[in-house]
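# Architecture at a glance
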Amino acid sequence: MENKHHNHTNEDHKHSHEHHDHSNHNNGHESHDHHQGHHAHMIEDFKKRFWISLVITLPIVVLAPMIQGLIGYELRFNGDRYVQFVLSSIIFFYGGWPFLKGLADEVKKKAPGMMTLIALAISVAYFYSSAVVFGLGGKIFFWELASLIVIMLLGHWIEMKSVMGASNALQELAKMMPSTARRIKEDGEHEDVPIDNLKGNDTILVRPGEKIPADGIVLEGESHVNESMLTGESKPVTKHKNDQVIGGSVNDNGTLKIKVRHIGEDSYLSKVIGMVKEAQATKSKTQNLADKAAAWLFYIALGAGMTTLVVWLSLGKDFEYALERMVTVMIISCPHALGLAVPLVVAISTAVSAKNGLLIRNRTAFENARKITAIIFDKTGTLTKGEFGVTRFKSTLDKYSDNELLQIAASIENSSEHPIAAGIVRKAKANDLALQEPENFQNITGKGIKANLKGQEIKIISPGMLNEQGIDTPSDAFKTEDETVVFVLIDNSLAGYIALADEIRPESLSAINTLKERGIKVYMATGDNQQVAKAVSQQLSLDNFYAEVLPEDKQRIIKELQEKGEFVAMTGDGVNDAPALAQANVGIAVGSGTDVAAETADIVLVNSNPKDIANLILFGAATYKKMMQNLWWAAGYNIVAVPLAAGVLAGVGIILSPAIGAVLMSLSTVIVAFNAQLLKRQIKN
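Residues numbered from 1 in each chain as written. Predicted model: local features only at pLDDT ≥ 70, side-chain atom pairs only at ≥ 80, totals over all residues. Heavy atoms only, no water.

### Brief notes about the environment of Asn-201
Our working rule: Note on conventions: DSSP H or I runs of at least 4 residues are helices, E runs of at least 2 residues are strands, and numbering of each starts at the N terminus. Classification of residues uses two cut-offs on accessible area relative to the type maximum, computed with a 1.4 Å probe and protein chains only: under 20% is buried, over 50% is exposed, and between them is partly exposed. A contact between two residues is defined here by any heavy atoms of the two lying within 4.5 Å.
One can find Asn-201 in the loop between strand S2 (190-194) and strand S3 (203-206). Since its relative accessible area comes to 55%, Asn-201 is described here as exposed. Separated by 59 residues in sequence, Asn-201 and Val-260 place their C-alpha atoms 5.0 Å apart. When near neighbours in sequence (up to four residues on either side) are disregarded, Asn-201 contacts Lys-259 and Val-260.

As structure tokens, then:
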């Protein structure tokens, strides 16, 4: 949020960013749509295979001698084994097809993983059981085969659904946009037009209870707007003149006249959907860890299976017994829980995150939140409210009264969107001062703004810039440390100063305390002067602060911290903070209104509440912890079950039967599923 610092660079950066964003979004749109369509087709395919396989599995389970023995009933008839064989053949070739195909792909790449492990287990179970049906001595494993395929289909279906979940929710929201808008014509008459026909700078009227049809700025009126579906902010937000509104939000109790700003591809909603789609293509390191675990388990299953066969044969057991032990080991080596361990956590964390206005673009960075040792906050609008109010203003030239100085400054600042500018303009309007139209408005990057007014060059600059110009600071300019002071130059002569103050957010202190409890060092980087930065830092008990920082300085500060061994998170607005967000180990772009798109950020927070940032870090750590717990539960099952199935303790009469193996397998799956559900309690509202 560097452009909220007192450098007045907001407007300039914003325009260049919007242009870049627009082109980027359009360039990727067709590939996004293609990816989305392919993904949706695959989800539908897994869903269909899951339900058909589940229905076929039920009679296989009912007919399984092992289940009958466990529950204590008997259901036998001539040819029951052939019925199981036919039903299992359908499941193996239909339900198991994605895994058999995945096996071929992984073998081709010489990278065995989850698909190879599943395909090995179901193939061994199917071909061994089929051989038993047609004369080989031993037990049939058709119900294990069927249940394994059903669980794995469910796991993959959940995984695919999870990565589309947030996007689908937003697309459903996009469908809920009103189909028409009430446009105000030049003659003042209203006309209803399809929202596709709206253009930038059109003026529209939105009555109480109606949905706002496009992103825009309030021209007239005052109302409360419910943005909860878009931002996770539960309270309706008060909107006045010059405030931004988001398309899709609901106007509550007042009539608003709105100037259309973003439509179609450029709208807030489209940008968010684009970002979520982008994130769909990326897998986190923890998901890759599950694949690695599957690869190791594949080699363990093969090795343990062959070793079991050889050992039992060498101990004098007949081939059929040794083969049954080998098959048991190889089936048990593929834990159902491993297929669900990560997908369930991903599904839940994605849903909970999107609900809380937290958009994850890089899952690895999100999970790496647990490693953060230092975080750099922006001051204005994040730790503070970002609403500057003028506290004092004074002309230092006799030819201008104090009010005339304020009028000149407000006329120039009216072309900027900076919070300081808004405060000065508000004060001038409150004093009933008429604003004039400046010419040649420009930002002076990181230092202020300038424009021409009535033939004179007006500059509104920071204290640092005033020193650079070699102009002495008036002795009465700085009174309290929490004030920000800007100086007005007319034709390079000091004409006066305006002092403003920004209130610290009530949530900032508790957020910082939460982070410090985790041992995270909290820093602040601001474009504001030393005195203001020091006052805020002391009030919030920060570990350190950096004042009068230019956008390019933030990247250097992060590098210095990283060189000292810190794992750094950075919060910025994603516009002029791009290099710093890219440099940080975890880049958190803080959205403000509709300016949410940030190419270089790992995570985008729709609101700029510091509590959300603290929650994000805690939730990221909790998500990773749940994934690791689940992987350990899944792997732990194998650590116990495989040696017992192989017969390591057979000498003392302990040998794991396929039935007990199946019970352990199911228990492991239930624990993993239950543990993932507990994640919902981890995020604080």
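### Looking at the sheet that holds strand S21 (residues 586-590)
Definition in use: Criterion used throughout: strands pair if DSSP finds at least two bridges between them. With axes taken as lines fitted to C-alpha atoms, and helix axes fitted only over the stretch in contact, angles between N-to-C directions fall between 0 and 180 degrees.
One open sheet accounts for 7 strands, arranged S10-S22-S21-S20-S11-S18-S19; its pairing is mixed. The sheet is open, and its two edges are formed by strand S10 (358-360) and strand S19 (544-546), each paired on a single side. Between one strand axis and the next, the sheet turns by 20° as a mean value, whatever way the strands run. Pairing geometry for strand S11 (residues 374-378) and strand S20 (residues 568-572), over 3 bridges, is parallel.

### Considering the nonpolar core
For clarity, the cut-off: The nonpolar core is taken to be a set of buried Ala, Val, Leu, Ile, Met, Phe, Trp, Tyr and Cys residues, with the residues joined through side-chain atoms within 4.5 Å. What marks off one domain from the next here is an automatic or database domain assignment.
Ranked by size, the top nonpolar core spans 106 residues in total, and within it Ile-122 and Ile-375 carry the most contacts. Examining the composition of this core, we find that 14 residues originate from one element, helix H5 (residues 114-133), more than from any other. Looking at which domains feed residues into this core, each of domain 1 (36-173) and domain 2 (358-383 + 505-606) gives three or more. Counting residues in hydrophobic clusters, the runner-up holds 25 residues, among them Phe-393, Tyr-400, Ala-495 and Leu-500.

### Some remarks on the packing of H5 against helix H10 (residues 319-332)
Quick note on the threshold: An angle below 35 degrees is treated as roughly parallel, one above 145 as roughly antiparallel, one from 65 to 115 as roughly perpendicular, and anything else as oblique. Helix crossings are classified by the rotation of the near helix relative to the far one: an anticlockwise turn of less than a right angle makes the crossing left-handed, while a clockwise turn makes it right-handed. For this classification, the nonpolar set comprises Ala, Val, Leu, Ile, Met, Phe, Trp, Tyr, Cys and Pro, the charged set comprises Asp, Glu, Lys and Arg, and every other residue, Gly included, is treated as polar.
Between H5 and H10, the shortest axis-to-axis distance is 8 Å and the interhelical angle comes to 150°. On the basis of the axis angle, H5 is roughly antiparallel to H10. As for the relative orientation of H5 and H10, their crossing is left-handed in sense. Taken together, the residues of H10 that come into contact with H5 (itself represented by Leu-120, Ala-121, Val-124, Ala-125 and Tyr-128) are Glu-320, Leu-323, Glu-324, Val-327, Met-330 and Ile-331. For the contact of H5 with H10, the class distribution of residues is 9 nonpolar, no polar and 2 charged.

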